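# Observations on chain architecture
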Amino acid sequence: MKTRIAERSAIQGFARSRLPKLSEEEIDYIRGSSDVFGLNHYSTFYASRNQSVYTNYESPSFFDDMAAYTFQPPEWRLNPDAGVATVPWGFYKLLQFIKREYNNPPVFITENGFGNNGGLKDNDRVTHLKSYLCALLKAINHGSDIIGYSVWSLLDSFEWMCGYKCKFGLYQVDYSSENRTRTPRLSAYFYQQLIRTGRLDPNFEPDLSVPMTSDFGY
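Source: prediction; values computed, not measured. (Residues numbered from 1 in each chain as written. Predicted model: local features only at pLDDT ≥ 70, side-chain atom pairs only at ≥ 80, totals over all residues. Heavy atoms only, no water.)

### Side note on the overall build of the protein
Where we set the bar: A helix here means a DSSP run of H or I that spans at least four residues, while a strand means a run of E at least two residues long, and both kinds are numbered starting from the N terminus. Using a 1.4 Å probe on the protein chains alone, a residue whose accessible area is under 20% of its type maximum counts as buried, one over 50% counts as exposed, and one in between counts as partly exposed. Here, two residues are considered to be in contact whenever any of their heavy atoms come within 4.5 Å of each other. Neither His nor the chain ends contribute to the count of charged residues, in which Lys and Arg are positive and Asp and Glu negative. The location of each charge is read from NZ of Lys, CZ of Arg, CG of Asp or CD of Glu.
What the protein contains, in helices and strands, is seven helices and seven strands. Start at the N end of the protein and walk to the C end: the helices and strands fall as α-α-β-β-α-α-β-α-β-α-β-β-β-α. A buried classification covers 37% of the 218 residues belonging to the protein. Here the analysis covers contacts within the protein between residues at least 6 apart in sequence; of these, 60% occur between residues at least 24 apart. For the protein, the separation between the mean place of its 23 positive charges and that of its 24 negative charges on side chains is 4 Å.

### So, helix α6 (residues 123–141)
The condition is simple: Any helix carries an expected span of 1.5 Å times its number of residues minus one.
Look at α6: 27 Å from first C-alpha to last across 19 residues, which is about the 27 Å you get at 1.5 Å a residue. Of all the positions in α6, only D124, R125, V126, H128, L129, K130, S131, Y132, L133, A135, L136 and A139 are classed as buried. Residues of α6 that are buried make contact with α5 (88–101), β4 (107–111), β5 (146–149) and α7 (186–197). Just past α6, the residue G143 takes up positive phi, approximately 105°.

### As for the UniProt feature "active site" (unreviewed entry) in the protein
Using the following cut-off: UniProt positions are given in the numbering used here, feature names are shortened, and annotations may be inferred rather than shown by experiment.
On the UniProt side, "active site" (unreviewed entry) is annotated at positions that read E111 here. As for its placement among the helices and strands, E111 is situated in strand β4. Excluding its chain neighbours within four sequence positions, the residues that come into contact with E111 are L39, N40, H41, Y42, S150 and W152.

### Here's the deal with the packing of α5 against α6
Our working definition: Only C-alpha atoms enter the line fits that serve as axes; for helices the fit covers just the stretch in contact. Angles between N-to-C directions range over 0 to 180 degrees. Angles are sorted into four bins: roughly parallel if under 35 degrees, roughly antiparallel if over 145, roughly perpendicular if 65 to 115, and oblique for all others. By the definition used in this description, the sense in which the near helix is turned from the far one sets the handedness, with an anticlockwise turn below a right angle giving left-handed and a clockwise turn giving right-handed. Lys, Arg, Asp and Glu make up the charged group, whereas Ala, Val, Leu, Ile, Met, Phe, Trp, Tyr, Cys and Pro make up the nonpolar group; the residues left over, Gly among them, are polar.
Two numbers describe how α5 lies on α6: the axes approach to 8 Å, and their chain directions differ by 30°. The angle between α5 and α6 places the two elements in the roughly parallel class. In terms of crossing hand, the pair formed by α5 and α6 is right-handed. In contact with P88, F91, Y92, L95 and Q96 of α5, α6 contributes S131, Y132, A135, L136, K138 and A139. Residues of the contact of α5 with α6, tallied by class, amount to eight nonpolar, two polar and one charged.

### What about the packing of α6 against α7?
It is the contact of α6 with α7, at a shortest axis distance of 8 Å, that shows an interaxial angle of 30°. One element, α6, and the other, α7, form an angle in the roughly parallel class. Where α6 abuts α7, its residues N123, R125, V126, L129, K130 and L133 lie against L186, S187, F190 and L194. Residues of the contact of α6 with α7, tallied by class, amount to six nonpolar, two polar and two charged.

### Thoughts on the side chain of S144
Note the following rule: The definition of a polar contact used here is a pair of N or O atoms within 3.5 Å, where within protein one atom must be able to donate a hydrogen and the other to accept one, and adjacent residues in sequence count solely through side-chain atom pairs.
With respect to the helices, strands and loops of the structure, S144 is situated in the loop between α6 and β5. Among the residues examined, S144 registers a relative accessible area of 7% and is labelled buried. Polar contacts involving the side chain of S144 include one to the side chain of Q96, which spans 2.9 Å. Beyond its immediate stretch of four places on either side in the chain, S144 contacts L95, Q96, K99, N104 and A139.

Structure below.
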C-alpha cells in the first residue's frame, strides 16, 4: 500500500506521498503499544489485477490506490437485496491470517452484521449471524485469541452511502413515528438467546409471538 500510493502520488504531481510517512522514532515509539486488535468485518471479496479494469477508476481515489478490481459472486448473497454478502469462510481466513501475521494478538470483533430492506422476520440476518459466529468459533478452536464480539447493530441507523434504506438493526426503528418506536426482530430473539446461554444453538428457532423481556441478557 505504501509503495503503490507513493508511486501514484508522484504520477499525480504531488510533492510527496499522500500517505503520511512515520519517522523511525515514531515507529519505535508505537511498536508493541496496542492492547487489542479491534476488527470491523462484514464480508469478503475476490480481487483481480486486471490492468484494464482498475486503471479506469478516477484518480486519485480509493479504488485507484487499491490497484485491483473486486467482485462478489451473486450466489454469496442470501437474497438479491442483501446489503452484505454472506461469506463466513472469509471471516475465518481473516482471523487466522491475523493470528499468523501479528503473533496472535487479542482480537475484539467491534462490528459484524447484516443489512437488508427491513421487516421483523429477518431470517436472513439470523442465518448470516449464525454462520459468522460458527466461523468465529472455528477460528477460536484453531487458536485465534478472540476476546469479544459485538454485532452491528442494536438499532437501525444511518448507514453511510445507503442512508436509512439499508437496515442493520436487531431492533426495527419506525422512522415515521415521533417516538421512533423500536420493535425486536427475530434476530434480537436469537441474539438474546445467545447472550443468555453463552451457546450457539443451531436448533434454536426465534419466535416473534413470545414477548421480548426487558432483560436482554447481560
